[in-house]
Number of protein chains: 4
Amino acid sequence: MSSTIRVAVLGAAGRMGSTTCAAVEAAADLELVARVDVGDDVATAVRESGAQVAIDFTIPSATEANVHALLDAGVHAVVGATGWTDESKARVAEHLERVGGGLGVVIAPNFGLSAVLAMQFAAKAARYFESAEVVELHHPNKVDAPSGTARHTAAAIAAARRDAGLGPMPDATEEGWEARGADVDGVRVHAVRLRGLVAHEEVLLGNPGEQLVIRQDSFDRVSFMPGVLLAVREVVRRPGLTVGLEHLLDLA
Amino acid sequence: MSSTIRVAVLGAAGRMGSTTCAAVEAAADLELVARVDVGDDVATAVRESGAQVAIDFTIPSATEANVHALLDAGVHAVVGATGWTDESKARVAEHLERVGGGLGVVIAPNFGLSAVLAMQFAAKAARYFESAEVVELHHPNKVDAPSGTARHTAAAIAAARRDAGLGPMPDATEEGWEARGADVDGVRVHAVRLRGLVAHEEVLLGNPGEQLVIRQDSFDRVSFMPGVLLAVREVVRRPGLTVGLEHLLDLA
Amino acid sequence: MSSTIRVAVLGAAGRMGSTTCAAVEAAADLELVARVDVGDDVATAVRESGAQVAIDFTIPSATEANVHALLDAGVHAVVGATGWTDESKARVAEHLERVGGGLGVVIAPNFGLSAVLAMQFAAKAARYFESAEVVELHHPNKVDAPSGTARHTAAAIAAARRDAGLGPMPDATEEGWEARGADVDGVRVHAVRLRGLVAHEEVLLGNPGEQLVIRQDSFDRVSFMPGVLLAVREVVRRPGLTVGLEHLLDLA
Amino acid sequence: MSSTIRVAVLGAAGRMGSTTCAAVEAAADLELVARVDVGDDVATAVRESGAQVAIDFTIPSATEANVHALLDAGVHAVVGATGWTDESKARVAEHLERVGGGLGVVIAPNFGLSAVLAMQFAAKAARYFESAEVVELHHPNKVDAPSGTARHTAAAIAAARRDAGLGPMPDATEEGWEARGADVDGVRVHAVRLRGLVAHEEVLLGNPGEQLVIRQDSFDRVSFMPGVLLAVREVVRRPGLTVGLEHLLDLA
């Protein structure tokens, strides 16, 4: 007998939370059993609702405590909230080991399939190209530059090149380093800010006579929903801590 | 003791052949020992030169006989010539099995790393997206449309969708099907012909609120050389028949 | 003494209408004096509100009668509703001539600045290139293909080529004409349908060794507002009928 | 009676010069009458050949003297050599005024039609957009960054914004300014260096909900030939000094 997964959403009144509630409700194999928000007691809410999985889209100051409460309540957790450090992840991993019982937690800094795939493909391709640069493009209200996603992508490219024994990329320029962006471990990242855009990333890889471009566009937060729902379906069969949506994808 | 690989080039006077000769000569770990062309006896030429690997960039009517001659001479073969059918490949596989001794043959319809990677990434990503279409762009002297590479890419996307249980893509259009291109197993392929271009392919993958684009540009035939040299280095340690550059890449 | 322009919006409850109301309210030099919708009498509504300009985003069956009523009431009109034929435009032009008095009407099939500029630039550039093709990309719920905008762009390119005495474009392909799209006066138009996209157009122009690409993305209907507001500000000083936003732009 | 224009090429043995000789020879309405190079006397060469127009693709140290010699010989000049200052242009203008007789000189820093059109279109569009940034992409052997073309484009965008009374672009970023590129009069220019590329420029213009992208690709120096030949045909009917290919184009 196939049955649905009962899901609670934490931070349900926020923008990501309410989009997530709608996505869970629209999925035939999931059932939304609780919308939890500021003022609610997480443990009570998930217990009373009978939730099997809780999705946390709360704020940095609340998310870690939420996850520990969920684990104490025997509920799997899918975490999209930001603010996680190596230390806070280690505490969750330790808690998971202590409670055992097949309980799982998925923490993903980015639930966008296209963003995660772009980063994975860029890292896999990097060792085969002489040059690689990253251009990220965002709306002009974004405060940081380059974006965290672009920094991670560049770091992954740099690591892949190092592993393959590649040296520094060819680059004859000596001056003119005053544009928005950064050098991340030797990979140049350019940051464009343009009214009308949302969140976009382009990885350019070059060899003599050829170019490979991997581009990713996020137009709307609904784009995160396929990744969130995938994590809900996977967390119930992946005991322990999983960090990064890429581990839930079949890219072999 | 590290040593170089001794390489013969068949079809050495042709455009791909002469570019290949130059690339072999420029590689520190390879040694060009024979330039073989129309009128030369392949078996004699490779025996006298002591070649370990031969690269065949000849014509459809000659390439299969060349490979059999190479195998009889105990020489590994890397084949870029076109015109190979399933039957001709089967005959080579059978010949390899018969001679044994660790001899290998690599046949690749495309030695372009960016083209091969684009196809691989598109196939891997396809199961995660609602929509996928292919746009290929070439110089206007190209006779066939869509290109073979684009057809293969579309077929791989279609197979990946089928394996993942995805149904037909959303598409409300009912008329207006008179543009250059094709429907390959349900994946639409658009063919642009434009003076100034060489060979380019773009795979577009879409979900609600997001897009992933994998684009590949081949500007010049030197772009095939990294793939050809990779095949030379790999064929000596891969007994039997390998079809497709992708099997020589580490994409896991 | 500088003063604001008093504006009425017809079809105010519709999606374009309500977006327009918000845009008028947000503009310092405009004042929203009437929201007119189904059931309201247009003439009465604009007279009582003292509107100087009315913006019509109603439906094809209503828009022409609305414009005649506005002209009788002495109110300038900016029209974004569709369904206008050459005949209906001619009747408005005649009406304008009859009433005189500096009254103006602007009818625009597209108020998107990027779309209108892309079409203008493509038409101006076309005579200088051997090849030109159009790729339009839309969400998969769109019923028609290619889009009206793409058809207009292709027709403008074809006309520019004809005026410059250019012959047919180079194209060696003879078969493979089964993709979504059309041949518009000899200019090939490709239509991509992809979940996640909204409305996009790309014009590719090619010469030996070079390419010019003009791309336009419409992500949201707010993108039409700068064009609508420009038309409101211009219609009061442009007596008679103006068809097309391009005539309000300074592109000389 | 229609007749051909007799053309001399100065710097005929150089890369641009020899490409130009081939282009002149291939044009039905032009006749190549002299290939002039180092060691030849320009005045003698053009007089003896009966050249009506001379194309100068020599070096900075020679080009100005060449043009004065051509004017003394009564020959129109098309100049693609670099190294021209405001002062050297002023001396040519003065010389032209002195000799009169309908003699013309065209000096163009860039003969690429797609590059010149991209710059013109970007400048025309700039006043209609909130945001504008430039991305230029070149091969990694290029020493300067950003490219001169990108700097000119950005300066033209900045001037157009200033003329239209636009203020600074929206930009919330405060740190992270260490990428290859520059801020040119408030317009951000990003410089990508990638093996496999030649010379490319992309102008991105953004408004709420929309984007206009103008991209230009130069793959090969043959791309300059249509512009060079256009200048040859135009210089004979444009007395005086013309600086910039854009003045020879019909963009009204």
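Residues numbered from 1 in each chain as written. Chains lettered and ligands numbered in written order. Predicted model: local features only at pLDDT ≥ 70, side-chain atom pairs only at ≥ 80, totals over all residues. Heavy atoms only, no water.

Caption draft 1: Quick peek at the sheet that holds strand 3 (residues 53–56) of chain B. All names here are of chain B. On the basis of which strands lie adjacent, the open sheet formed by 6 strands has the order 2-1-3-4-5-11 and parallel pairing. Pairing within the sheet leaves two strands with one partner each, and these edge strands are strand 2 (30–36) and strand 11 (240–243). Taking the axes of each pair of neighbouring strands and ignoring which way they run, one obtains an average angle of 20° across the sheet. In this sheet, strand 11 lies alongside strand 5 (residues 104–107) in parallel orientation, the contact comprising 4 bridges. Across the sheet, residue Val106 finds its bridge partner in strand 11, namely Thr242. Of the strands in this sheet, strand 1 (5–10), strand 2 and strand 3 are in contact with helix 1 (residues 15–26), which crosses strand 2 at around 155°. Where helix 4 (residues 86–99) meets the sheet, it contacts strand 5 and strand 11, and its direction lies at approximately 150° from that of strand 11. (Pairing = 2+ DSSP bridges. Helix = DSSP H or I, 4+ residues; strand = E, 2+ residues; numbered from the N terminus. Axes fitted to C-alpha atoms, helices over the stretch in contact; angles between N-to-C directions. Contact = heavy atoms within 4.5 Å.)

Caption draft 2: Fine view of unusual backbone geometry. Cis rather than trans, the peptide bond between B:Ala145 and B:Pro146 has omega equal to -10°. Its location among the elements puts B:Pro146 in the loop between strand 6 (131–138) and helix 6 (148–163). Of note, A:Asp185 is a non-glycine position whose phi angle comes to about 55°, a positive value. Along the chain, A:Asp185 falls in the loop between strand 7 (181–184) and strand 8 (187–193).

Caption draft 3: Expanded view of the pattern of salt bridges. Within the structure shown, the criterion is met by 60 salt bridges over all chains. For C:Asp171, the salt bridge goes to C:Arg188, with nearest N and O atoms at 2.9 Å. You can see C:Asp171 sitting in the loop between helix 6 (148–163) and strand 7 (181–184) and its partner C:Arg188 sitting in strand 8 (residues 187–193), a full 17 residues away along the chain. For C:Arg188, a relative accessible area of 15% gives the class buried. The network of salt bridges with shared partners includes A:Glu133, A:Asp171, A:Asp183, A:Arg188 and D:Arg180. (Salt bridge = Lys/Arg side-chain N within 4 Å of Asp/Glu carboxyl O. Buried < 20%, exposed > 50% of the residue type's maximum accessible area, 1.4 Å probe, protein only.)

Caption draft 4: Region of interest: the interface of chain D and chain A. At the junction of the two partners, chain D supplies 44 residues and chain A supplies 44 residues. Approximately 3300 Å² of surface area, both sides summed, lies buried where chain D meets chain A, with 57% of it carried by carbon and sulfur atoms. Where chain D packs against chain A, one counts 6 salt bridges. Our count for the chain D to chain A interface comes out at 23 residue pairs in polar contact (both at pLDDT 80 or more). Those elements that place two or more of their residues in the side of chain D that touches chain A are strand 6 (131–138), strand 7 (181–184), strand 8 (187–193), strand 9 (199–207) and strand 10 (210–218) of chain D. The class makeup of the residues in the side of chain D that touches chain A is 19 nonpolar, 11 polar and 14 charged. (Buried area = accessible area lost by both parts, 1.4 Å probe. Polar contact = N/O pair within 3.5 Å; in protein donor to acceptor, adjacent residues only side chain to side chain. Nonpolar A, V, L, I, M, F, W, Y, C, P; charged D, E, K, R; others polar.)

Caption draft 5: Highlighting the pairing of strand 3 (residues 53–56) of chain C. Residue and element names in this part refer to chain C. Taking every second residue as pointing to the same face, both faces of strand 3 are buried, with Val53 and Ile55 on one and Ala54 and Asp56 on the other. Pairing between strand 1 (residues 5–10) and strand 3: 4 bridges, direction parallel. The residue bridging Ala8 from the neighbouring strand is Ala54, located in strand 3. When strand 3 meets strand 4 (residues 76–79), the two strands line up parallel, connected through 4 bridges. Bridge pairing in strand 4 links Ala54 to Ala77. Regarding the hand of the β-α-β motif, the stretch spanning strand 3, helix 3 (residues 60–72) and strand 4 is right-handed. (Right-handed = clockwise from strand over helix to strand, strands pointing away.)

Caption draft 6: Representation of the UniProt feature "active site" (unreviewed entry) in chain A. Residue and element names in this part refer to chain A. The UniProt record annotates "active site" (unreviewed entry) at His138 and Lys142. Note that His138 resides in strand 6 (residues 131–138). Classification of His138 by relative accessible area gives buried; the value is 9%. There is a polar contact of 2.7 Å between the side chain of His138 and the side chain of Glu136. Tracing the backbone shows Lys142 in the loop between strand 6 and helix 6 (148–163). (UniProt positions renumbered as here; feature names shortened; annotations may be inferred.)

Caption draft 7: Local environment of the domain arrangement of chain A. Residues and elements named next belong to chain A. For chain A, the domain assignment lists domain 1 (5–107 + 222–248) and domain 2 (113–219). Computed from C-alpha atoms alone, the centre-to-centre distance between domain 1 and domain 2 is 31 Å. At the interface, 5 residues of domain 1 touch 4 residues of domain 2. When the buried area of domain 1 at its contact with domain 2 is split by residue, Ser223, Leu245 and Glu246 rank highest and sum to 72% of it. (Domains from an automatic or database assignment.)

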